[in-house]
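Per-entry structural report
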Amino acid sequence: MNKWHGIHEYKSLYACRAAADTERAACSRADTIGLRGHGPLTQGRHENIGDNTVHPDRIRLARLRDKVMSAQDAAALITDGMTVGMSGFTRAGDCKAVPFALAERAKQHPLQITLMTGASLGHDADKVLSDAGVTARRMPFQVDASLRQRINAGEVMFLDQHLSETVELLRNKQIAPVDIAVIEATCITEDGAIVPTTSVGNSASFAILAKQVIVEVNLSVPLGLEGLHDIYIPT
């Protein structure tokens, strides 16, 4: 199975639209789209995005296409003390807009979160978040030198564990639940399923277990990725 079905039926799905700059992006252009279940949303754009066009081939569930907000507005959904699960496995499939918008916001309105991922984050996301003082706790893996310095200095709590153990602990409710998941996606299908990009890691479990989900749809990755992923979620 290559997608996560029915998430929109029981979660508030937030969507934002934005782009990371070329120094930070894995691809030449990345747009962020998120979905929200209730109430109107404002449309906005990151400083580097070209337009706010909604791409029907990327959001194929028509009733979700007007649920759009900026990366800054999506990042504002993340508040102090939350546990956040982000997609990404080394430099593959990590979000390229919301983490940086969150770091910028923290410069004016300080906040700290517990950050979980599948593995390390690429594109300086770990560095930017730790330098902005956002990361209070980190698990299960990281490779950033700046974050490592803060861990060794006792400024950031770090749990270094086998990558498979994080979700097991979440499922068994042995650690704090995920408040918001931030997931990079290729597209959202007609029934609201999320199709991942170039990694899976813990993303599927974060999306299922989180109270809310922010979906970044990367327009730079081909739609041909749909059907590639082999995902099994135990019940």
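Above: the structure in question.
Residues numbered from 1 in each chain as written. Predicted model: local features only at pLDDT ≥ 70, side-chain atom pairs only at ≥ 80, totals over all residues. Heavy atoms only, no water.

Attention now moves to the overall build of the protein chain. On a plain count of helices and strands, the protein chain comes out with six helices and nine strands. In the protein chain, which comprises 235 residues, the share counted as buried stands at 54%. Of the contacts made within the protein chain by residues no fewer than 6 positions apart, 72% connect residues no fewer than 24 positions apart. If you sum the accessible surface of the protein chain, you get close to 10,100 Å²; carbon and sulfur atoms cover 50% of it. (Helix = DSSP H or I, 4+ residues; strand = E, 2+ residues; numbered from the N terminus. Buried < 20%, exposed > 50% of the residue type's maximum accessible area, 1.4 Å probe, protein only. Contact = heavy atoms within 4.5 Å. Areas by Shrake-Rupley, 256 points an atom, 1.4 Å probe, with all protein chains shown as cover.)

Here we take up the pattern of salt bridges. Applying the stated criterion across every chain, the model contains ten salt bridges. Between E190 and R60 there is a salt bridge; the shortest N-O distance is 3.0 Å. Residue E190 is located in the loop between strand 7 (180-188) and strand 8 (194-196), and its partner R60 is located in the loop between strand 1 (12-17) and strand 2 (69-70); the two are separated by 130 residues in the primary sequence. E104 is the salt-bridge partner of K107, the closest N and O atoms lying 2.9 Å from each other. You can see K107 and its partner E104 sitting in helix 2 (residues 98-108), three residues apart, about one turn around the helix. (Salt bridge = Lys/Arg side-chain N within 4 Å of Asp/Glu carboxyl O.)

This brings us to the nonpolar core. I78, L102, I113 and V182 are the most contacted members of the largest nonpolar core, which has 27 residues in total. If you list the elements that add at least two residues to this core, you get helix 1 (71-75), strand 3 (83-86), helix 2, strand 4 (113-116), helix 3 (125-131) and strand 7. With residues up to four places along the chain from it excluded, the contact list for L102 reads A75, I78, L111, I113, L129 and V134. (Core = buried A, V, L, I, M, F, W, Y, C linked by side-chain atoms within 4.5 Å.)

We now examine the pairing of strand 3. The alternating pattern of strand 3 places T83 and G85 and V84 and M86 on opposite faces, both of which are buried. Bridging between strand 3 and strand 7 involves three bridges; their strand directions are parallel. Note on strand 7: the bridge partner recorded for V84 is I180. (Pairing = 2+ DSSP bridges.)

It is worth spelling out helix 4 (residues 145-152) at this point. Turning to helix 4, its buried residues are S146, L147 and I151. Buried residues along helix 4 cover an arc of 140 degrees about the axis, so they all sit on one side. Set apart from the buried face of helix 4 by more than 90 degrees, the exposed residues are Q149 and N152. Contacts made by the buried residues of helix 4 are with helix 3, strand 5 (135-139) and strand 6 (157-158). N-cap assignment for helix 4: the residue whose side-chain oxygen lies 3.0 Å from the backbone N of S146 is D144. (Arc of directions from axis to C-beta. Polar contact = N/O pair within 3.5 Å; in protein donor to acceptor, adjacent residues only side chain to side chain.)

On the secondary structure map, S205 appears in helix 6 (residues 203-209). Apart from the residues lying within four places of it in its own chain, the contact partners of S205 are V167, R171 and I233.

Residues I113 and L115 line one face of strand 4 and the alternating positions T114 and M116 line the opposite face, and both faces are buried. Strand direction decides the pairing type here: strand 3 and strand 4, joined by three bridges, are parallel. Across the sheet, the residue bridging to V84 is L115, located in strand 4. Running through helix 2, the crossover from strand 3 to the neighbouring parallel element strand 4 is right-handed. (Right-handed = clockwise from strand over helix to strand, strands pointing away.)

On to unusual backbone geometry. Cis geometry is found at the peptide bond from M139 to P140, where omega equals 0 degrees. Its identity as a non-glycine residue notwithstanding, T90 has a phi of 60 degrees, on the positive side. Here T90 lies in the loop between strand 3 and helix 2. Note on T90: relative accessible area 39%, which makes it partly exposed. Of note in this structure, K173 is not a glycine but carries a positive phi near 60 degrees. Structurally, K173 is set in the loop between helix 5 (165-171) and strand 7.

With that settled, the discussion passes to the environment of N218. You can see N218 is positioned in the segment after strand 9 (212-217). C-alpha separation for the pair N218 and A185, spaced 33 residues apart in sequence, amounts to 6.2 Å. At a separation of 3.1 Å, a polar atom in the side chain of N218 contacts the side chain of E184.

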